[in-house]
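One-letter residues, chain by chain:
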Amino acid sequence: MPDELRPLLASRTPRGRLVPSLAHVLAELRYSRLIVIGDRVTRTAFELGLEPVLAIYDCVEMRENIECPEPPSHYRREAVSNPRSSISFEAARAIRDAIRQGANTAIQVYGEEDLLAIPAILYADTGYVVAYGQPSRGVVLVRVDSYVKRLVANLLHSFEPCSASSPGKTKE
């Protein structure tokens, strides 16, 4: 991710709605095709009885190692590598495949999951809801539509492609 995008991504959400927590919108999310990203959001979704199609977490919160969220036993589990400030091909492919398969999937990320909302939005069908944490502020809910898909695709085009010396940093 280019350094000049950091302030933009830290301060804005792609047509998202900030809510205090998933519990505040539980009735709205109960029948949504949901993707959750982040440890706290994932843990809360499971505790509330929500069954996201896809849950992505890295077992780190505010730069501190924490206990990983525990997906229900029927979830398919996968682990991927995704370096900080990047979107690895491996992570993007795992997200794409999980969404296409439609089976409940939990992806544990070794590295950082912060930017993985971008491929989640790109690969999700219109109507999905992508939820991710906004530290010290709440949860961002993004309802996927063609406009928000174009926004994140344009954002992704400004990322630097990977080089042979920096594996894992790529745009897809």
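What counts, and at which threshold
- Residues numbered from 1 in each chain as written.
- Predicted model: local features only at pLDDT ≥ 70, side-chain atom pairs only at ≥ 80, totals over all residues.
- Heavy atoms only, no water.
- Buried < 20%, exposed > 50% of the residue type's maximum accessible area, 1.4 Å probe, protein only.
- Helix = DSSP H or I, 4+ residues; strand = E, 2+ residues; numbered from the N terminus.
- Pairing = 2+ DSSP bridges.
- pLDDT = per-residue confidence, 0-100.
- Contact = heavy atoms within 4.5 Å.
- Axes fitted to C-alpha atoms, helices over the stretch in contact; angles between N-to-C directions.
- Salt bridge = Lys/Arg side-chain N within 4 Å of Asp/Glu carboxyl O.
- Core = buried A, V, L, I, M, F, W, Y, C linked by side-chain atoms within 4.5 Å.
- Disulfide = S-S within 2.5 Å.
- Expected span 1.5 Å × (residues − 1).
- Arc of directions from axis to C-beta.
- Polar contact = N/O pair within 3.5 Å; in protein donor to acceptor, adjacent residues only side chain to side chain.

## So, the pairing of strand β9 (residues 138-143)
For step 1, the next point in the chain: Of all six residues that make up β9, five are buried, and the element is covered over most of its length.
For step 2, the next point in the chain: Both strand β1 (residues 17-19) and β9 contribute to a ladder of three bridges, which runs antiparallel. Its bridge partner lying in β9, Val19 is registered against Val139.
For step 3, the next point in the chain: Hairpin connection from strand β8 (residues 129-134) to β9: three residues lie between these consecutive antiparallel strands, with Ser136 at a positive phi of about 65 degrees.

## What about the confidence of the model for the protein?
For step 1, the next point in the chain: Per-residue confidence for the protein gives a mean pLDDT of 86, with 83% of residues at or over 70.
For step 2, the next point in the chain: Counting interchain partners and residues more than four positions distant, the pLDDT-below-50 stretch residues 163-172 has 26 contacts.

## Looking at the sheet that holds β8
For step 1, the next point in the chain: Spatially, the seven strands line up as an open sheet ordered β1-β9-β8-β2-β3-β7-β6, and their pairing is mixed. The sheet terminates laterally at β1 and β6 (76-82), the two strands that pair on one side only. Each strand of the sheet is rotated relative to its neighbour by a mean of 20 degrees, with strand direction disregarded.
For step 2, the next point in the chain: As paired elements, strand β3 (residues 54-57) and strand β7 (residues 105-111) share four bridges and run parallel to each other. Bridging across to β7, Leu54 finds its partner in Thr105.

## Examining the environment of Arg100
For step 1, the next point in the chain: Within the secondary structure layout, Arg100 lies in helix α4 (residues 89-101).
For step 2, the next point in the chain: For the pair Arg100 and Asp125, spaced 25 residues apart in sequence, the C-alpha separation works out to 9.3 Å.

## A word on the pattern of salt bridges
For step 1, the next point in the chain: Counted according to the given criterion, the structure contains eight salt bridges.
For step 2, the next point in the chain: Note that Arg84 and Glu112 form a salt bridge whose closest N and O atoms lie 3.7 Å from each other. With a gap of 28 residues between them, Arg84 in the loop between β6 and α4 and Glu112 in the loop between β7 and α5 (117-123) connect regions that are remote in the sequence.
For step 3, the next point in the chain: Its relative accessible area of 11% is what places Glu112 among the buried residues.
For step 4, the next point in the chain: Beyond isolated ion pairs, a larger network of salt bridges with shared partners links Arg17, Glu28 and Arg143.

## Some thoughts on the nonpolar core
For step 1, the next point in the chain: Ranked by internal contacts, the top residues of the largest apolar core, which has 32 residues, are Ile35, Ile37, Leu54, Ile56, Ile95, Ile107 and Val130.
For step 2, the next point in the chain: Among the secondary structure elements, those contributing two or more residues to this core are β2 (34-37), β3, α4, β7, α5, β8, β9 and α6 (146-157).
For step 3, the next point in the chain: Counting residues per element, this core draws most heavily on α4, which supplies six residues.
For step 4, the next point in the chain: Not counting the four nearest positions on each side in its chain, Ile95 is found in contact with Leu54, Ile56, Ile107, Leu116, Pro119, Ala120 and Tyr123.
For step 5, the next point in the chain: Among the nonpolar cores identified, the runner-up in size contains 19 residues, and Leu22, Leu34, Tyr75 and Ala131 belong to it.

## Side note on the state of the cysteines
For step 1, the next point in the chain: In this structure the tally under the stated criterion is one disulfide.
For step 2, the next point in the chain: Between the sulfur atoms of Cys59 and its disulfide mate Cys68 the distance is 1.7 Å. Looking along the S-S bond of the Cys59-Cys68 disulfide, the torsion reads about 105 degrees, which is the right-handed sense.
For step 3, the next point in the chain: Cys68 gets classed as partly exposed once you look at its relative accessible area, which sits at 27%.

## Digging into α6
For step 1, the next point in the chain: Compared with an ideal rise of 1.5 Å per residue, which puts twelve residues at 16 Å, α6 spans 17 Å between its outermost C-alpha atoms and is within 8% of the ideal.
For step 2, the next point in the chain: Here α6 has its buried residues at Val148, Val152, Leu155 and Leu156. Projected onto a plane normal to the axis of α6, the buried residues spread over an arc of 100 degrees and lie on a single side. Turned more than 90 degrees from where α6 packs its buried face, Asn154 and His157 sit exposed.
For step 3, the next point in the chain: Where α6 begins, the capping side chain belongs to Asp145, and its oxygen is found 3.1 Å from the backbone nitrogen of Tyr147.

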